[in-house]
Amino acid sequence: MIDYSEKIPNNVNLAQDRTLQRALEHWQPNYLQWWRDMGPDGSQDFEVYLRTAVSVDPSGWAHFDHVRMPDYRWGIFLVPQDATRRIHFGEHLGEPAWQEVPGEHRANLRRIIVTQGDTEPASVEQQRHLGLTCPSLYDLRNLFQVNVEEGRHLWAMVYLLHRHFGRDGREEAEALLARRSGDPDNPRILGAFNERTPDWLAFFMFTYFTDRDGKYQLCALAESAFDPLARSCRFMLTEEAHHMFVGESGVARILQRTCEKMNQLKTDDPAKLRAAGVIDLPTVQRYLNFHFSVTLDLFGADQSSNAALYYSSGLKGRYEEGKRGDDHRLKNDRYTVLGVREGQLATAEVPMLNALNEVLRDDYIKDSMSGVERWNKVIEKAGIGFRLAVPHKAFHRKIGTFAELCVAPNGEVVNRATWDANESRWLPSAEDRAFVASLMGRVVAPGQFANWIAPPARGINSQPVDFEYVRFN
Ligand SMILES: [Fe+2]
Ligand SMILES: [Fe+2]
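This structure is a prediction, so every number in the text was calculated from the model and none was measured.

S.K.: Help me understand the nonpolar core in this model?
M.R.: Proteins that are soluble and globular tend to have nonpolar side chains buried together. Counting 113 residues, the largest nonpolar core has Val158, Leu201 and Met205 as the members making the most contacts within it. With 15 residues, the single largest contributor to this core is helix H3 (residues 137–164). Discounting residues that sit within four places of it in the chain, methionine 205 has contacts with Gly247, Val251, Tyr287, Leu288 and His291.

S.K.: Looking at this model, I keep getting lost on the packing of helix H5 (residues 200–221) against helix H8 (residues 281–296). Mind explaining?
M.R.: The relative placement of two packed helices is expressed as an angle between their axes plus a distance between the axes. At a closest axis distance of 9 Å, the pairing of H5 and H8 adopts a crossing angle of 30 degrees. Judged by the inter-axis angle, H5 sits roughly parallel to H8. Remark: the crossing between H5 and H8 carries right-handed chirality. Residue-level contacts link Leu201, Ala202, Met205, Phe206, Phe209, Thr210 and Asp213 of H5 to Tyr287, Leu288, His291, Phe292 and Thr295 of H8.

S.K.: What should I look at first to understand the pairing of strand S4 (residues 344–351) in this one?
M.R.: One face of the sheet, then the other: side chains in a regular strand alternate in exactly this way. Of all 8 residues making up S4, only 0 are buried, and the element is barely covered by its neighbours. Pairing analysis gives 8 bridges linking strand S3 (residues 334–341) to S4, with the strands arranged antiparallel. Its bridge partner lying in S4, tyrosine 335 is registered against valine 350. Between the end of S3 and the start of S4, which pair antiparallel, lie 2 residues, with glutamate 342 showing a positive phi angle near 50 degrees.

S.K.: Help me out: how do you make sense of the packing of H5 against helix H10 (residues 356–381) in this one?
M.R.: Between H5 and H10, whose axes approach to 10 Å, the crossing angle comes to 135 degrees. In terms of axis orientation, H5 runs oblique to H10. The element H5 and its partner H10 pack so that their crossing is right-handed. Contacts from Tyr208, Phe209, Arg212, Asp213, Tyr216 and Ala220 in H5 reach Leu360, Asp363, Tyr364, Asp367, Ser368 and Gly371 in H10. Partitioned by chemical class, the residues of the contact of H5 with H10 number 6 nonpolar, 2 polar and 4 charged.

The rules behind each value
- Residues numbered from 1 in each chain as written.
- Chains lettered and ligands numbered in written order.
- Predicted model: local features only at pLDDT ≥ 70, side-chain atom pairs only at ≥ 80, totals over all residues.
- Core = buried A, V, L, I, M, F, W, Y, C linked by C-beta atoms within 7 Å.
- Buried ≥ 20, exposed ≤ 12 C-beta atoms within 10 Å, placed from the backbone.
- Helix = DSSP H or I, 4+ residues; strand = E, 2+ residues; numbered from the N terminus.
- Contact = placed C-beta atoms within 7 Å.
- Axes fitted to C-alpha atoms, helices over the stretch in contact; angles between N-to-C directions.
- Parallel < 35°, antiparallel > 145°, perpendicular 65-115°, else oblique.
- Left-handed = near helix turned anticlockwise from the far one by under 90°.
- Pairing = 2+ DSSP bridges.
- Nonpolar A, V, L, I, M, F, W, Y, C, P; charged D, E, K, R; others polar.

See below:
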(Lines give C-alpha, C1' and ligand atoms only; values in the text may rest on other atoms or scores of the structure.)
(Ligands and ions follow the chains in the order given, each with its own letter.)
Protein backbone atom coordinates (compact mmCIF):
# COMPACT_ATOMS: atom_id res chain seq x y z
CA MET A 1 0.00 0.00 0.00
CA ILE A 2 1.03 3.59 -0.52
CA ASP A 3 1.76 5.42 2.70
CA TYR A 4 0.05 8.81 2.48
CA SER A 5 1.11 9.88 5.93
CA GLU A 6 4.56 10.49 4.46
CA LYS A 7 5.67 13.73 2.84
CA ILE A 8 6.46 11.64 -0.23
CA PRO A 9 3.72 9.02 -0.80
CA ASN A 10 5.35 5.71 -1.55
CA ASN A 11 5.20 1.95 -1.44
CA VAL A 12 8.96 1.50 -1.09
CA ASN A 13 9.13 1.71 2.68
CA LEU A 14 10.72 5.14 2.62
CA ALA A 15 10.10 5.67 6.34
CA GLN A 16 12.58 2.89 7.17
CA ASP A 17 15.34 4.21 4.91
CA ARG A 18 16.76 7.40 6.41
CA THR A 19 19.51 7.88 3.80
CA LEU A 20 17.07 7.69 0.93
CA GLN A 21 14.58 9.87 2.73
CA ARG A 22 17.20 12.58 3.30
CA ALA A 23 18.25 12.46 -0.37
CA LEU A 24 14.68 12.70 -1.66
CA GLU A 25 13.65 15.37 0.83
CA HIS A 26 16.61 17.42 -0.31
CA TRP A 27 15.66 16.93 -3.95
CA GLN A 28 11.93 17.62 -3.50
CA PRO A 29 12.19 21.45 -3.00
CA ASN A 30 14.41 21.67 -6.08
CA TYR A 31 11.84 19.69 -8.01
CA LEU A 32 9.06 22.04 -6.86
CA GLN A 33 11.18 25.02 -7.87
CA TRP A 34 11.67 23.43 -11.29
CA TRP A 35 7.87 22.89 -11.54
CA ARG A 36 7.26 26.56 -10.68
CA ASP A 37 9.85 27.73 -13.26
CA MET A 38 9.26 25.24 -16.06
CA GLY A 39 5.89 23.58 -15.36
CA PRO A 40 2.60 24.72 -16.95
CA ASP A 41 2.75 28.47 -17.42
CA GLY A 42 0.56 30.64 -15.16
CA SER A 43 -1.40 27.73 -13.71
CA GLN A 44 -0.06 27.30 -10.19
CA ASP A 45 -3.32 28.30 -8.48
CA PHE A 46 -5.74 26.46 -10.73
CA GLU A 47 -7.68 23.61 -9.17
CA VAL A 48 -7.54 20.76 -11.64
CA TYR A 49 -9.64 17.59 -11.67
CA LEU A 50 -6.71 15.20 -11.56
CA ARG A 51 -6.22 11.51 -11.17
CA THR A 52 -3.79 10.56 -8.44
CA ALA A 53 -2.51 7.09 -7.64
CA VAL A 54 -3.79 5.90 -4.27
CA SER A 55 -3.03 2.22 -4.73
CA VAL A 56 -1.05 0.22 -7.26
CA ASP A 57 -3.77 -2.45 -7.47
CA PRO A 58 -5.29 -2.59 -10.94
CA SER A 59 -8.67 -1.99 -9.30
CA GLY A 60 -7.89 1.18 -7.42
CA TRP A 61 -4.93 3.20 -8.54
CA ALA A 62 -6.98 6.08 -9.91
CA HIS A 63 -8.42 8.59 -7.46
CA PHE A 64 -9.98 11.80 -8.87
CA ASP A 65 -10.24 15.18 -7.18
CA HIS A 66 -9.66 18.90 -7.75
CA VAL A 67 -6.09 19.74 -6.68
CA ARG A 68 -3.64 22.57 -7.26
CA MET A 69 -0.83 21.14 -9.33
CA PRO A 70 2.00 22.15 -6.99
CA ASP A 71 0.13 20.16 -4.30
CA TYR A 72 -0.10 17.05 -6.48
CA ARG A 73 1.03 13.99 -4.54
CA TRP A 74 4.01 13.03 -6.65
CA GLY A 75 5.16 9.82 -5.18
CA ILE A 76 7.08 6.62 -5.69
CA PHE A 77 5.07 3.60 -6.74
CA LEU A 78 6.39 0.29 -7.97
CA VAL A 79 4.25 -2.70 -8.79
CA PRO A 80 4.60 -5.24 -5.96
CA GLN A 81 7.68 -7.41 -5.91
CA ASP A 82 7.49 -11.01 -7.03
CA ALA A 83 10.15 -12.72 -4.91
CA THR A 84 10.40 -15.63 -7.34
CA ARG A 85 11.00 -13.49 -10.45
CA ARG A 86 13.83 -14.73 -12.66
CA ILE A 87 15.74 -13.16 -15.53
CA HIS A 88 14.07 -14.37 -18.72
CA PHE A 89 16.46 -13.32 -21.49
CA GLY A 90 20.14 -12.77 -22.24
CA GLU A 91 23.19 -14.43 -20.78
CA HIS A 92 21.80 -14.49 -17.23
CA LEU A 93 18.60 -16.26 -18.28
CA GLY A 94 17.20 -18.35 -15.41
CA GLU A 95 19.09 -16.55 -12.63
CA PRO A 96 17.13 -14.63 -9.97
CA ALA A 97 16.28 -11.03 -10.92
CA TRP A 98 18.62 -8.45 -9.35
CA GLN A 99 17.41 -6.41 -6.40
CA GLU A 100 20.68 -4.44 -6.36
CA VAL A 101 22.77 -3.14 -9.27
CA PRO A 102 25.63 -5.48 -10.25
CA GLY A 103 28.91 -3.54 -10.35
CA GLU A 104 29.71 -4.42 -13.94
CA HIS A 105 26.38 -3.05 -15.20
CA ARG A 106 26.28 0.04 -13.05
CA ALA A 107 27.38 2.58 -15.70
CA ASN A 108 25.05 1.24 -18.38
CA LEU A 109 22.05 1.01 -16.07
CA ARG A 110 22.64 4.54 -14.86
CA ARG A 111 22.79 5.73 -18.45
CA ILE A 112 19.54 3.94 -19.34
CA ILE A 113 17.73 5.39 -16.32
CA VAL A 114 19.04 8.92 -16.88
CA THR A 115 18.10 8.84 -20.59
CA GLN A 116 14.56 7.69 -19.76
CA GLY A 117 14.30 10.13 -16.84
CA ASP A 118 15.39 13.07 -18.98
CA THR A 119 12.46 12.72 -21.38
CA GLU A 120 9.91 13.18 -18.57
CA PRO A 121 10.63 16.79 -17.49
CA ALA A 122 11.55 17.59 -21.12
CA SER A 123 7.99 17.01 -22.32
CA VAL A 124 6.59 19.16 -19.49
CA GLU A 125 8.91 21.96 -20.64
CA GLN A 126 7.91 21.48 -24.27
CA GLN A 127 4.22 21.74 -23.37
CA ARG A 128 4.35 24.52 -20.79
CA HIS A 129 2.74 27.22 -22.93
CA LEU A 130 -0.15 25.16 -24.26
CA GLY A 131 -2.48 25.93 -21.36
CA LEU A 132 -2.66 29.53 -22.55
CA THR A 133 -4.39 28.42 -25.79
CA CYS A 134 -6.49 25.46 -24.64
CA PRO A 135 -9.48 24.57 -26.86
CA SER A 136 -11.62 23.64 -23.82
CA LEU A 137 -11.55 22.95 -20.07
CA TYR A 138 -11.67 19.24 -20.84
CA ASP A 139 -8.51 19.49 -22.95
CA LEU A 140 -6.81 21.76 -20.44
CA ARG A 141 -7.39 19.17 -17.75
CA ASN A 142 -5.98 16.41 -19.95
CA LEU A 143 -2.88 18.47 -20.68
CA PHE A 144 -2.29 19.02 -16.97
CA GLN A 145 -2.90 15.33 -16.20
CA VAL A 146 -0.22 14.38 -18.71
CA ASN A 147 2.12 17.01 -17.23
CA VAL A 148 1.80 15.91 -13.59
CA GLU A 149 2.27 12.27 -14.57
CA GLU A 150 5.42 13.07 -16.54
CA GLY A 151 6.55 14.80 -13.37
CA ARG A 152 5.85 11.58 -11.46
CA HIS A 153 7.79 9.58 -14.03
CA LEU A 154 10.75 11.80 -13.27
CA TRP A 155 10.26 10.94 -9.59
CA ALA A 156 10.22 7.25 -10.47
CA MET A 157 13.63 7.48 -12.17
CA VAL A 158 15.07 9.76 -9.49
CA TYR A 159 14.07 7.25 -6.83
CA LEU A 160 16.14 4.59 -8.63
CA LEU A 161 19.10 6.96 -8.94
CA HIS A 162 18.96 7.91 -5.25
CA ARG A 163 18.33 4.45 -3.94
CA HIS A 164 20.81 2.51 -6.08
CA PHE A 165 23.51 4.82 -7.44
CA GLY A 166 24.80 6.73 -4.40
CA ARG A 167 26.52 10.02 -4.97
CA ASP A 168 26.60 9.66 -8.78
CA GLY A 169 22.86 9.08 -8.69
CA ARG A 170 22.26 12.21 -6.62
CA GLU A 171 24.31 14.26 -9.08
CA GLU A 172 22.39 12.85 -12.02
CA ALA A 173 19.10 13.67 -10.25
CA GLU A 174 20.18 17.30 -9.92
CA ALA A 175 21.25 17.40 -13.59
CA LEU A 176 17.77 16.18 -14.60
CA LEU A 177 16.38 19.41 -13.13
CA ALA A 178 19.09 21.56 -14.73
CA ARG A 179 18.87 20.60 -18.41
CA ARG A 180 16.24 22.48 -20.43
CA SER A 181 14.39 21.44 -23.55
CA GLY A 182 15.76 23.35 -26.53
CA ASP A 183 18.48 25.14 -24.57
CA PRO A 184 21.57 25.24 -26.82
CA ASP A 185 23.92 25.29 -23.81
CA ASN A 186 22.29 22.56 -21.73
CA PRO A 187 19.74 20.70 -23.88
CA ARG A 188 17.73 17.59 -23.07
CA ILE A 189 19.50 14.38 -24.12
CA LEU A 190 17.36 13.23 -27.07
CA GLY A 191 16.60 15.24 -30.21
CA ALA A 192 12.79 14.99 -30.29
CA PHE A 193 12.68 16.34 -26.74
CA ASN A 194 14.32 19.57 -27.83
CA GLU A 195 11.72 20.27 -30.53
CA ARG A 196 9.00 22.78 -29.73
CA THR A 197 5.40 21.68 -29.14
CA PRO A 198 3.98 24.98 -30.35
CA ASP A 199 0.28 24.24 -30.78
CA TRP A 200 -2.41 21.70 -29.88
CA LEU A 201 -2.22 19.76 -33.13
CA ALA A 202 1.48 19.25 -32.35
CA PHE A 203 0.56 18.30 -28.77
CA PHE A 204 -1.91 15.63 -29.88
CA MET A 205 0.58 14.26 -32.44
CA PHE A 206 3.27 14.28 -29.76
CA THR A 207 1.14 12.37 -27.25
CA TYR A 208 0.08 9.90 -29.94
CA PHE A 209 3.51 9.26 -31.48
CA THR A 210 6.15 10.32 -28.98
CA ASP A 211 4.43 9.08 -25.81
CA ARG A 212 4.05 5.81 -27.71
CA ASP A 213 7.83 5.71 -28.04
CA GLY A 214 7.73 6.08 -24.25
CA LYS A 215 5.44 3.07 -24.07
CA TYR A 216 7.83 0.91 -26.11
CA GLN A 217 10.89 2.00 -24.16
CA LEU A 218 9.09 1.37 -20.86
CA CYS A 219 7.87 -2.02 -22.05
CA ALA A 220 11.45 -2.99 -22.94
CA LEU A 221 12.71 -1.77 -19.56
CA ALA A 222 9.83 -3.48 -17.74
CA GLU A 223 11.53 -6.75 -18.79
CA SER A 224 14.84 -5.74 -17.17
CA ALA A 225 16.81 -8.08 -14.93
CA PHE A 226 17.16 -5.11 -12.58
CA ASP A 227 13.90 -5.69 -10.75
CA PRO A 228 13.30 -2.21 -9.26
CA LEU A 229 13.59 -0.72 -12.77
CA ALA A 230 11.21 -3.32 -14.19
CA ARG A 231 8.65 -2.69 -11.43
CA SER A 232 8.89 1.12 -11.78
CA CYS A 233 8.33 0.94 -15.53
CA ARG A 234 5.36 -1.43 -15.16
CA PHE A 235 3.57 1.11 -13.05
CA MET A 236 4.51 4.02 -15.36
CA LEU A 237 2.88 2.15 -18.24
CA THR A 238 -0.54 2.37 -16.58
CA GLU A 239 -0.20 6.17 -16.78
CA GLU A 240 1.25 6.19 -20.30
CA ALA A 241 -1.93 4.67 -21.72
CA HIS A 242 -3.86 7.84 -20.88
CA HIS A 243 -1.30 10.03 -22.64
CA MET A 244 -1.73 8.10 -25.88
CA PHE A 245 -5.51 8.26 -25.46
CA VAL A 246 -5.26 12.07 -25.25
CA GLY A 247 -3.32 12.12 -28.52
CA GLU A 248 -5.42 9.63 -30.43
CA SER A 249 -8.76 11.10 -29.40
CA GLY A 250 -7.48 14.67 -29.89
CA VAL A 251 -6.52 14.06 -33.51
CA ALA A 252 -9.75 12.11 -34.10
CA ARG A 253 -11.80 15.08 -32.85
CA ILE A 254 -9.89 17.46 -35.13
CA LEU A 255 -10.58 15.16 -38.09
CA GLN A 256 -14.24 14.90 -37.17
CA ARG A 257 -14.62 18.67 -37.08
CA THR A 258 -12.76 19.20 -40.37
CA CYS A 259 -14.85 16.56 -42.10
CA GLU A 260 -18.07 18.16 -40.82
CA LYS A 261 -16.98 21.46 -42.37
CA MET A 262 -15.93 19.75 -45.62
CA ASN A 263 -19.37 18.23 -45.94
CA GLN A 264 -21.14 21.40 -44.92
CA LEU A 265 -19.23 23.56 -47.42
CA LYS A 266 -18.95 20.76 -49.98
CA THR A 267 -15.27 21.43 -50.53
CA ASP A 268 -11.83 19.96 -49.98
CA ASP A 269 -10.07 23.20 -50.85
CA PRO A 270 -7.61 23.88 -48.01
CA ALA A 271 -7.93 27.65 -48.48
CA LYS A 272 -11.71 27.56 -48.04
CA LEU A 273 -11.47 25.25 -45.05
CA ARG A 274 -8.86 27.42 -43.45
CA ALA A 275 -11.08 30.45 -44.02
CA ALA A 276 -13.80 28.50 -42.20
CA GLY A 277 -11.45 28.06 -39.24
CA VAL A 278 -10.66 24.34 -39.40
CA ILE A 279 -7.45 22.45 -40.12
CA ASP A 280 -7.37 20.98 -43.64
CA LEU A 281 -6.50 17.28 -43.90
CA PRO A 282 -3.20 17.74 -45.86
CA THR A 283 -1.93 19.89 -42.98
CA VAL A 284 -2.85 17.13 -40.50
CA GLN A 285 -0.90 14.70 -42.72
CA ARG A 286 2.17 16.96 -42.72
CA TYR A 287 2.12 17.21 -38.92
CA LEU A 288 1.79 13.43 -38.78
CA ASN A 289 4.81 13.06 -41.10
CA PHE A 290 6.88 15.30 -38.87
CA HIS A 291 6.04 13.72 -35.52
CA PHE A 292 6.28 10.16 -36.80
CA SER A 293 9.70 10.64 -38.39
CA VAL A 294 11.18 12.58 -35.48
CA THR A 295 9.94 9.90 -33.09
CA LEU A 296 11.45 7.04 -35.15
CA ASP A 297 14.85 8.60 -34.52
CA LEU A 298 14.36 8.10 -30.76
CA PHE A 299 14.89 4.35 -31.15
CA GLY A 300 18.53 4.93 -32.06
CA ALA A 301 20.80 3.52 -34.74
CA ASP A 302 19.44 0.56 -36.75
CA GLN A 303 22.52 -1.47 -35.92
CA SER A 304 23.91 -0.96 -32.47
CA SER A 305 26.42 -2.86 -30.39
CA ASN A 306 25.02 -1.10 -27.31
CA ALA A 307 21.59 -2.56 -28.01
CA ALA A 308 23.19 -6.02 -28.21
CA LEU A 309 25.05 -5.45 -24.96
CA TYR A 310 21.96 -4.18 -23.12
CA TYR A 311 20.03 -7.24 -24.21
CA SER A 312 22.70 -9.87 -23.59
CA SER A 313 23.45 -8.50 -20.15
CA GLY A 314 19.74 -8.45 -19.25
CA LEU A 315 19.36 -4.69 -18.88
CA LYS A 316 16.73 -4.12 -21.57
CA GLY A 317 14.48 -6.72 -23.19
CA ARG A 318 12.27 -6.69 -26.24
CA TYR A 319 8.65 -5.57 -26.37
CA GLU A 320 6.64 -8.42 -24.78
CA GLU A 321 9.77 -10.50 -24.28
CA GLY A 322 7.89 -13.07 -22.23
CA LYS A 323 5.39 -13.79 -25.00
CA ARG A 324 8.00 -14.65 -27.64
CA GLY A 325 8.67 -18.23 -28.56
CA ASP A 326 12.41 -18.11 -29.36
CA ASP A 327 15.42 -18.92 -27.15
CA HIS A 328 15.62 -15.40 -25.59
CA ARG A 329 19.38 -15.31 -26.20
CA LEU A 330 19.24 -14.60 -29.95
CA LYS A 331 22.88 -15.47 -30.54
CA ASN A 332 22.12 -17.36 -33.75
CA ASP A 333 19.19 -15.29 -34.96
CA ARG A 334 19.16 -12.92 -37.90
CA TYR A 335 16.91 -9.97 -38.66
CA THR A 336 16.17 -8.22 -41.93
CA VAL A 337 16.89 -4.52 -41.72
CA LEU A 338 16.34 -1.87 -44.34
CA GLY A 339 19.50 0.08 -45.04
CA VAL A 340 21.27 1.94 -47.80
CA ARG A 341 23.44 0.47 -50.54
CA GLU A 342 24.97 2.67 -53.23
CA GLY A 343 22.53 5.47 -52.54
CA GLN A 344 19.43 3.24 -52.68
CA LEU A 345 17.31 1.51 -50.06
CA ALA A 346 18.25 -2.14 -49.70
CA THR A 347 17.53 -4.88 -47.18
CA ALA A 348 20.23 -6.82 -45.40
CA GLU A 349 20.27 -9.79 -43.01
CA VAL A 350 22.17 -8.92 -39.86
CA PRO A 351 22.66 -10.54 -36.45
CA MET A 352 19.46 -9.92 -34.52
CA LEU A 353 21.30 -8.85 -31.37
CA ASN A 354 22.73 -5.87 -33.22
CA ALA A 355 19.34 -5.03 -34.71
CA LEU A 356 17.31 -4.82 -31.50
CA ASN A 357 16.70 -1.07 -31.87
CA GLU A 358 15.21 -1.87 -35.26
CA VAL A 359 13.11 -4.71 -33.82
CA LEU A 360 11.62 -2.32 -31.26
CA ARG A 361 11.13 0.38 -33.92
CA ASP A 362 9.30 -2.08 -36.19
CA ASP A 363 7.00 -3.13 -33.33
CA TYR A 364 6.35 0.55 -32.68
CA ILE A 365 5.55 1.25 -36.35
CA LYS A 366 2.95 -1.53 -36.42
CA ASP A 367 1.27 -0.17 -33.31
CA SER A 368 1.33 3.41 -34.65
CA MET A 369 -0.33 2.35 -37.89
CA SER A 370 -3.29 0.77 -36.16
CA GLY A 371 -4.28 4.10 -34.60
CA VAL A 372 -3.90 5.88 -37.93
CA GLU A 373 -6.38 3.36 -39.35
CA ARG A 374 -8.80 4.33 -36.58
CA TRP A 375 -8.37 7.98 -37.63
CA ASN A 376 -9.14 6.97 -41.21
CA LYS A 377 -12.40 5.41 -39.99
CA VAL A 378 -13.47 8.88 -38.80
CA ILE A 379 -12.82 10.30 -42.28
CA GLU A 380 -14.44 7.32 -43.98
CA LYS A 381 -17.53 7.58 -41.81
CA ALA A 382 -17.93 11.18 -42.97
CA GLY A 383 -17.94 9.91 -46.56
CA ILE A 384 -14.69 11.63 -47.51
CA GLY A 385 -12.12 9.98 -49.79
CA PHE A 386 -8.93 11.30 -48.14
CA ARG A 387 -6.77 8.82 -46.14
CA LEU A 388 -3.94 9.49 -43.71
CA ALA A 389 -0.85 7.28 -43.78
CA VAL A 390 2.36 7.01 -41.84
CA PRO A 391 5.32 7.93 -44.05
CA HIS A 392 7.97 5.41 -45.06
CA LYS A 393 10.40 4.65 -42.25
CA ALA A 394 13.30 6.17 -44.23
CA PHE A 395 11.50 9.51 -44.62
CA HIS A 396 13.05 12.55 -42.89
CA ARG A 397 15.43 10.64 -40.66
CA LYS A 398 18.30 12.29 -38.82
CA ILE A 399 19.72 9.24 -37.05
CA GLY A 400 20.87 5.95 -38.59
CA THR A 401 21.78 5.01 -42.14
CA PHE A 402 18.84 6.89 -43.70
CA ALA A 403 20.16 10.21 -42.47
CA GLU A 404 22.36 10.50 -45.56
CA LEU A 405 19.44 10.14 -48.01
CA CYS A 406 16.51 12.28 -49.12
CA VAL A 407 13.44 10.01 -49.12
CA ALA A 408 9.88 10.95 -50.04
CA PRO A 409 6.98 9.88 -47.75
CA ASN A 410 6.21 7.05 -50.22
CA GLY A 411 9.73 5.64 -49.83
CA GLU A 412 11.14 6.90 -53.10
CA VAL A 413 14.75 8.10 -52.89
CA VAL A 414 14.93 11.60 -54.37
CA ASN A 415 17.69 14.11 -54.99
CA ARG A 416 18.20 17.24 -52.94
CA ALA A 417 16.52 19.51 -55.48
CA THR A 418 13.37 17.35 -55.50
CA TRP A 419 13.37 17.31 -51.72
CA ASP A 420 13.68 21.09 -51.57
CA ALA A 421 10.89 21.53 -54.11
CA ASN A 422 8.54 19.25 -52.15
CA GLU A 423 9.46 19.79 -48.54
CA SER A 424 6.50 22.11 -47.91
CA ARG A 425 4.13 19.38 -49.23
CA TRP A 426 5.66 16.75 -46.95
CA LEU A 427 6.41 18.57 -43.73
CA PRO A 428 4.62 21.44 -41.97
CA SER A 429 5.78 24.72 -43.49
CA ALA A 430 6.20 27.97 -41.59
CA GLU A 431 2.91 28.98 -43.19
CA ASP A 432 1.12 25.84 -41.95
CA ARG A 433 2.41 26.42 -38.45
CA ALA A 434 1.41 30.09 -38.57
CA PHE A 435 -2.09 29.09 -39.70
CA VAL A 436 -2.52 26.50 -36.95
CA ALA A 437 -1.16 28.99 -34.43
CA SER A 438 -3.73 31.55 -35.63
CA LEU A 439 -6.53 29.17 -34.60
CA MET A 440 -5.22 28.75 -31.07
CA GLY A 441 -7.36 30.81 -28.70
CA ARG A 442 -8.27 30.17 -25.10
CA VAL A 443 -11.67 28.53 -24.58
CA VAL A 444 -12.48 28.01 -20.90
CA ALA A 445 -16.26 28.19 -20.47
CA PRO A 446 -17.45 24.73 -19.31
CA GLY A 447 -18.80 22.71 -22.24
CA GLN A 448 -17.46 25.15 -24.87
CA PHE A 449 -15.00 24.01 -27.55
CA ALA A 450 -12.83 25.84 -30.04
CA ASN A 451 -14.21 25.84 -33.58
CA TRP A 452 -11.47 23.57 -34.97
CA ILE A 453 -12.11 20.56 -32.71
CA ALA A 454 -15.20 18.44 -31.97
CA PRO A 455 -16.23 17.77 -28.36
CA PRO A 456 -15.28 14.35 -26.97
CA ALA A 457 -17.90 11.61 -26.91
CA ARG A 458 -17.71 11.48 -23.10
CA GLY A 459 -16.05 13.21 -20.18
CA ILE A 460 -13.34 12.07 -17.80
CA ASN A 461 -14.19 9.58 -15.05
CA SER A 462 -17.90 9.52 -16.05
CA GLN A 463 -18.21 13.27 -15.53
CA PRO A 464 -20.25 15.22 -18.11
CA VAL A 465 -18.40 16.93 -20.97
CA ASP A 466 -19.40 20.35 -19.54
CA PHE A 467 -18.00 19.53 -16.09
CA GLU A 468 -15.82 22.21 -14.49
CA TYR A 469 -12.58 20.28 -15.05
CA VAL A 470 -10.46 23.27 -14.08
CA ARG A 471 -11.38 26.00 -11.58
CA PHE A 472 -9.53 29.28 -11.88
CA ASN A 473 -8.72 31.25 -8.77
FE1 LIG B 1 6.45 9.57 -19.11
FE1 LIG C 1 3.83 10.09 -21.30
